[in-house]
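Reading the structure
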Amino acid sequence: MKAVVVEDVGRIVVRDVPEPSAGGRALIRIERAGLCGTDLKIVSGAIPVDHPLVIGHEMIGRVVSEGPARSIPAGTRVLVDPGEECGRCSMCRADHGYLCSTGALRGRDVDGGFAELMAVDENRLHPVPDSVGLDEAAVLQVLATCVHAQTLVDVFPGQSAVVVGLGVAGLLHVQLLKARGVTDVVGVTRSAWKRELALRLGAVAVATPEEAPGVVTEWTGSDGPDLVVEAAGQAATLRQSIELAGATGTVLVFGTVPGTAELPTYQWYFKELTIVNSRAARPRDYARAVQLAAGAQIQLSRLVTGRFPLADAAEAFDACRSGDHLKVMLTMT
Ligand SMILES: [Zn+2]
Ligand SMILES: [Zn+2]
């Protein structure tokens, strides 16, 4: 079967790899797979991996052959939870399986899903009703990680929030915050069309990074926002998130900032900030993401801007890198 393989730092190819054997797992025919910043960091070497690696961690597909428990019938469309866990370590036993000490992320630590077929443990699969469109379904993995992040912070109606970075994750956080009753959500990005889209998806105001301090003060007053969500995964945006947060506020670090970064650490102390990190998602976050999409509570279709056949994966990565897109996806069917 064909798969997208990272052969070395900076080098991706589409080539034949052996088909996976089910071996006690369900076999999934992948229909759509989304690219994201994590994939770009894996290809560039910012996130180190063992080569060669079949990349890809945002997949939906249909069950071709059931797993041994027959919990999900063949033909069912499923969202793949790309996490793997041992089920026995202290993290797994404490309901933190997504932080398993010997766990793995498909497409980073072990082969992933930019491929035609994938063998997946049945308990990592979440049925997606056919009422959710194919493209929308392919954004559900990201939505699940955003849902997970939001479960780590308390917000109340009437509070204010800022989302720094308005890519797919940022635009999902804007919508989730609105759905949770946060009235004033301000979005920050350099991209004019992403600012425009954020306004249509519920942001009360938008700003470039340079305009952000002024615009945020205009909406939140001198107290500043209760919550800032960092959703770009850059040192500069993390820095700005800490600077924008109001005294006693919370910074939710959703983006992944690899390596070490120079940060305004004195402000953590001076404003008595709470810094919350989120990673991956729990099974129930995946289930909630499916529920939100099925109930049309979160708009997903406008977030998909690029579709490329698996064979054109290199072009898909270029599109993702360009910054001109939201979700870029590979289409296998
Ligand atoms: Zn991703
Ligand atoms: Zn474990």
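These numbers were taken from a predicted model, which means no experiment stands behind them.

Cut-offs used in this document
Residues numbered from 1 in each chain as written. Chains lettered and ligands numbered in written order. Predicted model: local features only at pLDDT ≥ 70, side-chain atom pairs only at ≥ 80, totals over all residues. Helix = DSSP H or I, 4+ residues; strand = E, 2+ residues; numbered from the N terminus. Expected span 1.5 Å × (residues − 1). Buried ≥ 20, exposed ≤ 12 C-beta atoms within 10 Å, placed from the backbone. Pairing = 2+ DSSP bridges. Contact = placed C-beta atoms within 7 Å. Axes fitted to C-alpha atoms, helices over the stretch in contact; angles between N-to-C directions. Parallel < 35°, antiparallel > 145°, perpendicular 65-115°, else oblique. Left-handed = near helix turned anticlockwise from the far one by under 90°. Domains from an automatic or database assignment.

It is worth spelling out helix H4 (residues 140-151) at this point. Every α-helical turn comprises 3.6 residues, leaving residues that sit three or four positions apart pointing alike. Between its first and last C-alpha atoms H4 spans 16 Å; for 12 residues at 1.5 Å apiece the expected length is 16 Å, and the two agree. Of all 12 residues in H4, 11 are buried, a share of seventy percent or more. Every buried residue of H4 is listed here: Leu-140, Gln-141, Val-142, Leu-143, Ala-144, Thr-145, Cys-146, Val-147, His-148, Ala-149 and Gln-150.

Right, let's talk about the sheet that holds strand E1 (residues 2-8) for a bit. Spatial strand order, E2-E1-E4: 3 strands in an open sheet with antiparallel pairing. The open sheet has two edge strands, strand E2 (11-16) and strand E4 (53-54), and neither has a second partner. Pairing analysis gives 2 bridges linking E1 to E4, with the strands arranged antiparallel. What sits directly across from Val-5, in E4, is Val-54.

On to the environment of Asp-111, then. With respect to the secondary-structure elements, Asp-111 resides in the loop between strand E8 (104-105) and strand E9 (117-120). For the pair Asp-111 and Ala-137, spaced 26 residues apart in the sequence, the C-alpha separation amounts to 21 Å. Setting aside its immediate chain neighbours within four residues, Asp-111 contacts Leu-53, Val-54 and Arg-106.

What follows deals with the packing of H4 against helix H5 (residues 168-179). In the contact formed by H4 and H5, the axes pass within 10 Å of each other and the chain directions differ by 50 degrees. Taken together, the axes of H4 and H5 lie oblique to each other. Considering only the axes of H4 and H5, their crossing is right-handed. Contacts between H4 and H5 involve Val-142, Leu-143, Cys-146, Val-147 and Gln-150 from the first element and Val-168, Ala-169, Leu-172, His-173 and Leu-176 from the second.

Bringing the domain arrangement of the protein into the picture now. Under the domain assignment, the protein is made up of domain 1 (2-142 + 281-331) and domain 2 (153-277). The distance between the C-alpha centroids of domain 1 and domain 2 comes to 27 Å. The partner domain 2 presents 13 residues to the 14 residues of domain 1 that form the contact. No other element matches the 3 residues that helix H1 (residues 37-44) contributes to the side of domain 1 that touches domain 2.

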